[in-house]
Amino acid sequence: MNSISLLSTVVLALSIFAAASVARAQPETGGFMPDGQVRSENQAVSQALINTIMPIGVGYGAVKLFDGNTAETLGASLAIYGLVVGPSSGNFYANDYLRGGLGALTRLGAAFLLQDATSEVFGREFADALGVDNSSVSFSETNIVVGSTLMVGTIAYNIITAPVSVREYNREMGYTMEIQSLPGTGRAAPVITARIHL
């Protein structure tokens, strides 16, 4: 499998995980915060996807299109940012820094495990831009298997749990708005609930 088809497979898998996450989401719940902002589950998932896919695509494209060392290094760094930090941005949006930070730290560790497979996954130009991967490796090596499992697993976990982070944040704020069906009518209506903390 060449690097383009492997990268396409990873992007397709991320899209499927995101679509499944949005499809499973409960009715939209937003929290009214003192500054008037509303946190949205769909917005959290969108931010995680955009901050993952866009930097990877733009960074990978920059490495392939430009010949300058600076442009290639910046492009490769942007792609690594998309892989490591991007999936956690939905959690960060909901102020869930623990879940998002642990995911990003795990992916950073996975990136170190996978650095010897950079040219096999992204291509030789990408590996040269980062200054890693001077030897060929087999995809069955332990560090490659563990690193790729950690990378893909935490990417999926952070994107899928972005709505959970939003719900937890809204619950902590004490104000929520939900769309619920009215008893006996089958019609949906917005219901505002509030909790008072003493």
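This write-up is about the structure you can find in this document. (Residues numbered from 1 in each chain as written. Predicted model: local features only at pLDDT ≥ 70, side-chain atom pairs only at ≥ 80, totals over all residues. Heavy atoms only, no water.)

**So, the overall build of the chain**
To keep it simple, the criterion reads: Secondary structure elements are defined from DSSP: runs of H or I of at least 4 residues count as helices, runs of E of at least 2 residues count as strands, and each element is numbered from the N terminus. Only protein chains enter the accessibility calculation, which uses a 1.4 Å probe. A residue is then buried if its area is under 20% of the maximum for its type, exposed if over 50%, and partly exposed in between. Whether two residues are in contact is decided by their heavy atoms, any of which lying within 4.5 Å being enough. To measure how exposed things are, a 1.4 Å probe is used in the Shrake-Rupley method; for residues, cover is taken only from the protein chains shown.
The helix and strand inventory of the chain stands at nine helices and two strands. Ordered by position in the sequence, the α and β elements of the chain form the string α-α-α-α-α-α-α-α-α-β-β. Split into buried and exposed, the 198 residues of the chain put 39% on the buried side. Taking as baseline every contact in the chain between residues at least 6 positions apart, the subset at least 24 positions apart corresponds to 61%. Looking at the chain as shown, the accessible area adds up to about 10,700 Å², and 65% of this sits on carbon and sulfur atoms.

**Digging into the nonpolar core**
Our working definition: Among the buried residues, those of types Ala, Val, Leu, Ile, Met, Phe, Trp, Tyr and Cys that are joined through side-chain atoms within 4.5 Å form a nonpolar core.
Judged by nonpolar contacts, the single largest core of 26 residues is most densely connected at Leu83, Phe126, Met151 and Ile159. Put simply, the parts of the chain that give this core at least two residues each are α2 (41-65), α3 (69-84), α5 (97-114), α7 (124-130), α8 (142-160) and α9 (162-173). Those residues in contact with Phe126 that sit more than four places away from it in its chain are Tyr60, Val63, Ala76, Ala79, Ile80 and Thr118.

**A word on the packing of α5 against α8**
Basically, it comes down to this: For helices, the fitted line uses only the C-alpha atoms of the stretch in contact; every axis is such a line through C-alpha atoms, and the angle between N-to-C directions lies from 0 to 180 degrees. Angle categories: roughly parallel below 35 degrees, roughly antiparallel above 145, roughly perpendicular from 65 to 115, and oblique for all the rest. Working rule for handedness: look at the near helix, and if it is turned counterclockwise from the far one by less than a right angle, call the crossing left-handed; if clockwise, right-handed. Here the nonpolar group is Ala, Val, Leu, Ile, Met, Phe, Trp, Tyr, Cys and Pro; Asp, Glu, Lys and Arg are the charged ones; every other residue, Gly included, is treated as polar.
Packing of α5 against α8 brings their axes to within 8 Å, and their N-to-C directions diverge by 155°. Between α5 and α8, the angle is such that the two are roughly antiparallel. Crossing angle aside, the handedness with which α5 passes α8 is left-handed. Contacts between α5 and α8 pair Arg99, Gly100, Gly103, Thr106, Arg107, Ala110, Ala111, Leu113 and Leu114 from the former with Asn143, Ile144, Val146, Gly147, Ser148, Leu150, Met151, Thr154, Ile155, Tyr157 and Asn158 from the latter. Per-class residue counts for the contact of α5 with α8 are ten nonpolar, eight polar and two charged.

**Description of the environment of Leu113**
If you trace the backbone, Leu113 turns up in helix α5. Given the relative accessible area of 29%, Leu113 is considered partly exposed. Beyond its immediate stretch of four places on either side in the chain, Leu113 contacts Asn143, Ile144, Val146, Gly147 and Leu150.

**Examining the packing of aromatic side chains**
Spelled out, the test is: Under the pairing criterion, centres of Phe, Tyr and Trp rings, with the six-membered ring standing for Trp, must be within 6.5 Å; the plane angle then separates stacked pairs below 30 degrees from edge-to-face pairs above 60, leaving the rest tilted.
Counting across every chain of the model gives four aromatic pairs. Taken together, a centroid distance of 6.1 Å and an interplanar angle of 50° make the contact between Tyr60 and Phe122 tilted. On the criterion of sequence distance, the pair formed by Tyr60 in helix α2 and Phe122 in helix α6 (residues 118-122) is long-range, its members being 62 residues apart. Tyr60 gets classed as buried once you look at its relative accessible area, which sits at 8%. Of the residues examined, Phe122 reaches a relative accessible area of 9% and is grouped as buried.

**Digging into a nonpolar patch on the surface**
Under the convention used in this document: Think of a patch as exposed residues, more than 30% relative accessible area, with no salt bridge, where like charges cluster within 9 Å and nonpolar side chains (Val, Leu, Ile, Met, Phe, Trp, Tyr) cluster within 5 Å. We count a salt bridge whenever a side-chain nitrogen from Lys or Arg sits within 4 Å of a carboxyl oxygen from Asp or Glu.
On the surface, Ile50, Met54, Val58, Leu78 and Tyr81 cluster together to form a nonpolar patch covering roughly 460 Å² of accessible area. Among the elements that take part in the nonpolar patch, α2 stands out by supplying three residues, more than any other. By the secondary structure assignment, Tyr81 is in helix α3.

**A few points about the side chain of Arg99**
The following threshold applies: N or O atoms within 3.5 Å of each other form a polar contact, as long as, within protein, one can give a hydrogen and the other can take it, and as long as residues adjacent in sequence are counted only when both atoms are side-chain atoms.
Here Arg99 is to be found in helix α5. Side chain to side chain, Arg99 and Tyr157 meet in a polar contact 3.3 Å long. A polar contact is formed between the side chain of Arg99 and the side chain of Ser165, at a distance of 3.1 Å. For Arg99, the residues in contact, after removing those within four places along its chain, are Asn91, Tyr157, Asn158, Thr161, Val164, Ser165 and Glu168.

**Some points on α5**
Formally: Expected helix span is given by 1.5 Å per residue-to-residue step, counting one fewer step than there are residues. Read the arc as the range of directions from the helix axis to the C-beta atoms.
In a regular helix each residue adds 1.5 Å, so 18 residues correspond to 26 Å; α5 covers 25 Å between its end C-alpha atoms and thus fits that length. For α5, the complete set of buried residues consists of Arg99, Gly100, Gly103, Ala104, Arg107, Ala110 and Leu114. Buried residues of α5 fall within an arc of 125° about the axis and therefore sit on the same side. With respect to the buried face of α5, the exposed residues turned more than 90 degrees away are Tyr97, Leu98, Leu105 and Phe112. Close packing links the buried residues of α5 with α3, α4 (89-93), α6, α8 and α9.

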